[in-house]
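Spelled out, the chains give:
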Amino acid sequence: LAYGPFTDKIIDFSGKDFGLHVIFGLNEAGKSTALRALIGLFYGFGHILADDWLHDYNKLVVGASLNFLDGEVLNLSRYKRRKNDLINDDTGEPLEQRKLDLYLGKMGRENFEHAFGISHSSLRQGVESVLAAGGDLGHALFAATSGLNTLKQVMVKLEGMHNLLFTP
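Residues numbered from 1 in each chain as written. Predicted model: local features only at pLDDT ≥ 70, side-chain atom pairs only at ≥ 80, totals over all residues. Heavy atoms only, no water.

Structural notes on the packing of helix α1 (residues 31-43) against helix α3 (residues 109-116)
In a packed pair of helices, the relevant descriptors are the angle between the two axes and the axis-to-axis distance. The interhelical angle for the contact between α1 and α3, taken along N-to-C directions, is 145°, at an axis separation of 11 Å. By crossing handedness, the relation of α1 to α3 is classed as right-handed. Contacts between α1 and α3 involve Leu38, Ile39, Phe42 and Tyr43 from the first element and Arg109, Phe112 and Glu113 from the second. In the contact of α1 with α3, the residues fall into five nonpolar, no polar and two charged. (Axes fitted to C-alpha atoms, helices over the stretch in contact; angles between N-to-C directions. Helix = DSSP H or I, 4+ residues; strand = E, 2+ residues; numbered from the N terminus. Left-handed = near helix turned anticlockwise from the far one by under 90°. Contact = heavy atoms within 4.5 Å. Nonpolar A, V, L, I, M, F, W, Y, C, P; charged D, E, K, R; others polar.)

And the structure:
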């Protein structure tokens, strides 16, 4: 609603099927800012916030309409405040973080970022650390935990290209 360069912008993740949602765009389009806004919505903004450059610090707000499998809909907004920052928009009353945590499967911020907020830099770091640590086992673990099951095929293709370029 008012975060980073965005005012009243909507990212719609709804659909009939579950799946992977990939947000892509040019550099500086706001992809990382949108991810920080989503994480802020779910877990709070924290004390230091770098995304107040268009909107005043005390006017930052991110909202969502969450639709659950049982048909329940939760409309909420998160404000940049010290207390009562999470509001149930249907009642206008504060919503306790622990209730939202139940909806999120009690997944903490760090686990959410790791599981669902894959950025370019975190993907590179993850690949580098897993590959450095584990060889073929590292490839298998990375593919299994990230959903990128084609990693081995890509690595074989890249190795072939490398050999063509750098074989005497």
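The discussion continues.
What about the pattern of salt bridges?
As enumerated under the stated definition, the model contains two salt bridges in all. We note a salt bridge from glutamate 96 to arginine 98, for which the minimum N-O separation is 2.7 Å. On the basis of relative accessibility, which here comes to 45%, the residue glutamate 96 falls in the partly exposed class. (Salt bridge = Lys/Arg side-chain N within 4 Å of Asp/Glu carboxyl O. Buried < 20%, exposed > 50% of the residue type's maximum accessible area, 1.4 Å probe, protein only.)

Overview of the nonpolar core
If you look at the biggest cluster of nonpolar residues, it comprises 18 residues, and the most contacted ones within it are Phe42, Leu76 and Leu100. Going through the elements one at a time, α1, β3 (61-67) and β4 (73-79) are the ones with two or more residues in this core. Top contributing element to this core by residue count: α1, with five residues. For leucine 76, the residues in contact, after removing those within four places along its chain, are Leu41, Val62, Gly63, Ala64, Leu66, Leu86, Ile87, Asp89, Leu95 and Leu100. (Core = buried A, V, L, I, M, F, W, Y, C linked by side-chain atoms within 4.5 Å.)

What to know about the pairing of β4
As defined by bridge partners, β3 adjoins β4 across seven bridges and the pair is classed as antiparallel. When the sheet's bridge partners are listed, glycine 63 is paired in β4 with serine 77. With three bridges connecting them, β4 and strand β5 (residues 86-88) associate as antiparallel partners. Bridge pairing in β5 places leucine 76 opposite asparagine 88. The hairpin formed by β4 and β5 contains six residues between the paired strands, and asparagine 84 there has a positive phi angle of roughly 50°. (Pairing = 2+ DSSP bridges.)

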